Amino acid sequence: MKYIKYNIEYENKLNVAVIGCGGHTYRNILPCFAYAPVNLVAVCDLDINKALKVAKVFGFEKVYDDYHKMLSDVKIDAVFVITGYDKDSKSLYPKIAIECMRKGCHVWIEKPPASSSAEIREMIQTSHETNKKIMVGFKKMFFPSIQKLKQIISSQEFGETTSVYIRYPQNIPLNVNDRQDNKKMLWFLDHIVHPLSILVYLMGEIKSIYFNINEKVGSSITNITFKSGAIGTLHLAASASQTSPLEHLEVIGEGANVIVENGVKLRYYKKGDRVVKELKHLNGGYGRMSSYIGDDEVAPIFWEPEFSLGQLYNKNIFMLGYAQEILYFCESVLNNEPIMIGSLEQALHILNVYEAYKYEQGVLVTIK
Ligand SMILES: NC(=O)c1ccc[n+]([C@@H]2O[C@H](COP(=O)([O-])OP(=O)(O)OC[C@H]3O[C@@H](n4cnc5c(N)ncnc54)[C@H](O)[C@@H]3O)[C@@H](O)[C@H]2O)c1
């Protein structure tokens, strides 16, 4: 767990700019800057009135409706780009990120980082050529629950991670021709990056997938083999109730398993035996145990947030990893350390998996 400093307590800060002043920027990104080492130098939106209002609320010094002009006018260390799609439903991030890097800025971009793996490769190349860092806001990699789960599954006592199950509500176009069309795939791309970012962060790269689609509602089950040898299921439960929590995640090791429900509740079933010590000599105690409660050393660990204290951990920007991902990016830039979480290499792999859904269902697709 990290000790969080407030913006006002930092001495060494990055001069930053923001491109895109939509709902997500206002709700989730700008509030994070209160906990990051940043000076809010400039803000830009195509709609100047939006940018002016945002600048007033959050205290940006300069306001623009053209990011080219902004990049030429002011000295900026890093740019946060939160723009979304163009009129053809293509992700705007590759074009804008490449321009920012060429203008000498490090870049943080929202998801989906691109509409194709080719665009991610272009960003990787530009990042190498310009020596500028770029990070994708895969917030789920930074959820406290997912970070803890990662720590648990990396421990010796958990053993190797052997299988994983993740559920997320999302439909996919039934017709394979529709799956070649950016417009028709927009929401699939927009959301598939969320569960895939969890899988890639926890389990490493995917070797192959095959998927089947429910023809009525467009839900799907994808069977996955990871390069590590682990296997998994991605259940895109399109027709789940709108009132339900979105996610369920379970990772199985060797004699141990760990579950994250609804992104916040973590349950860890440690390796161990349900039979208490005093019954062990009685043939394992099977058929004779009057209690389901085992010994304390092997008891499950359960964590959930508390909502009484005015802490940082019970703000959504911390529970959903936004503040942590932004802090991680700023620290990586300030300390000149590589981006390992939310990297373009992870993004490339995620886009490679996304592109595998352009095939017919029911065929085994090897991921590059
Ligand atoms: N990680 C998450 O939890 C999460 C949640 C919501 C949205 N998002 C992502 O955030 C992004 C924005 O979402 P939103 O809901 O705020 O969208 P939005 O449409 O409300 O806002 C986008 C803003 O970007 C501006 N913009 C577009 N092109 C621009 C350009 N060239 N220069 C300057 N400004 C430009 C638009 O005018 C608009 O104000 C999307 O990529 C979305 O997928 C992520």
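Since we're looking at a predicted model, the values are computed, not measured. (Residues numbered from 1 in each chain as written. Predicted model: local features only at pLDDT ≥ 70, side-chain atom pairs only at ≥ 80, totals over all residues. Heavy atoms only, no water.)

*Asks:* Even after reading the chapter, I still don't get the domain arrangement of the protein chain, so can you show me in this structure?
*Replies:* Considered domain by domain, the protein chain is made up of domain 1 (7-139 + 321-337) and domain 2 (141-315 + 350-366). Taking the mean C-alpha position of each, domain 1 and domain 2 sit 30 Å from one another. With 22 residues of domain 1 at the interface, the matching set in domain 2 holds 19 residues. Summed over both partners, the interface of domain 1 with domain 2 comes to about 1,800 Å²; 64% of that surface belongs to carbon and sulfur atoms. Three residues, Lys111, Phe138 and Lys139, lead the burial of domain 1 against domain 2; their summed loss comes to 33% of the area buried on that side. Viewed at the interface, domain 2 and domain 1 are joined by one salt bridge. For the salt bridge of Lys111 with Asp190, the shortest nitrogen-to-oxygen distance reads 3.0 Å. For the pair domain 1 and domain 2, the interface holds seven residue pairs in polar contact (both at pLDDT 80 or more). (Domains from an automatic or database assignment. Contact = heavy atoms within 4.5 Å. Buried area = accessible area lost by both parts, 1.4 Å probe. Salt bridge = Lys/Arg side-chain N within 4 Å of Asp/Glu carboxyl O. Polar contact = N/O pair within 3.5 Å; in protein donor to acceptor, adjacent residues only side chain to side chain.)

*Asks:* So what exactly am I meant to see when it comes to the sheet that holds strand E5 (residues 106-109) here?
*Replies:* Each strand in a sheet pairs with its neighbour through backbone hydrogen bonds, running either in the same direction (parallel) or in the opposite one (antiparallel). Read across the sheet, six strands follow the order E3-E2-E1-E4-E5-E6 without closing on themselves; strand pairing throughout is parallel. Because the sheet does not close on itself, it has two edges, and the strands there are strand E3 (62-64) and strand E6 (134-136). The average undirected angle you get between the axes of adjacent strands in this sheet is 20°. Two elements, strand E2 (residues 38-44) and E3, share three bridges in a ladder whose sense is parallel. Within E3, the position partnered with Val43 by the bridge is Val63. (Pairing = 2+ DSSP bridges. Helix = DSSP H or I, 4+ residues; strand = E, 2+ residues; numbered from the N terminus. Axes fitted to C-alpha atoms, helices over the stretch in contact; angles between N-to-C directions.)

*Asks:* Just checking my understanding: could you explain the site of the ligand for this structure?
*Replies:* Near the ligand lie 21 residues; those nearest to it are Asp45, Lys50, Tyr93, Lys139 and Tyr322. Within the side chain of Asp190, one N or O atom sits 3.3 Å away from an oxygen atom of the ligand. Between the ligand and Tyr322 there is a distance of 2.7 Å, counted from an oxygen atom to a side-chain nitrogen or oxygen. In isolation the ligand exposes 850 Å². Once the protein is present, 77% of that is buried. The class makeup of the residues in the shell around the ligand is nine nonpolar, six polar and six charged. (Near = heavy atom within 4 Å. Areas by Shrake-Rupley, 256 points an atom, 1.4 Å probe, with all protein chains shown as cover. Nonpolar A, V, L, I, M, F, W, Y, C, P; charged D, E, K, R; others polar.)

*Asks:* Just to check I follow, could you spell out the sheet that holds strand E7 (residues 163-168) for this structure?
*Replies:* Across the sheet, which stays open at both edges, the nine strands sit in the order E14-E13-E12-E11-E7-E10-E9-E8-E15 with mixed pairing between neighbours. Either end of the sheet is taken by a strand with one partner, and the two such strands are strand E14 (301-303) and strand E15 (365-366). In the sheet, strand E8 (residues 206-213) pairs with strand E9 (residues 220-226) via seven bridges, with the strands oriented antiparallel. Residue pairing in the sheet places Ile209 in a bridge with Ile224 of E9.

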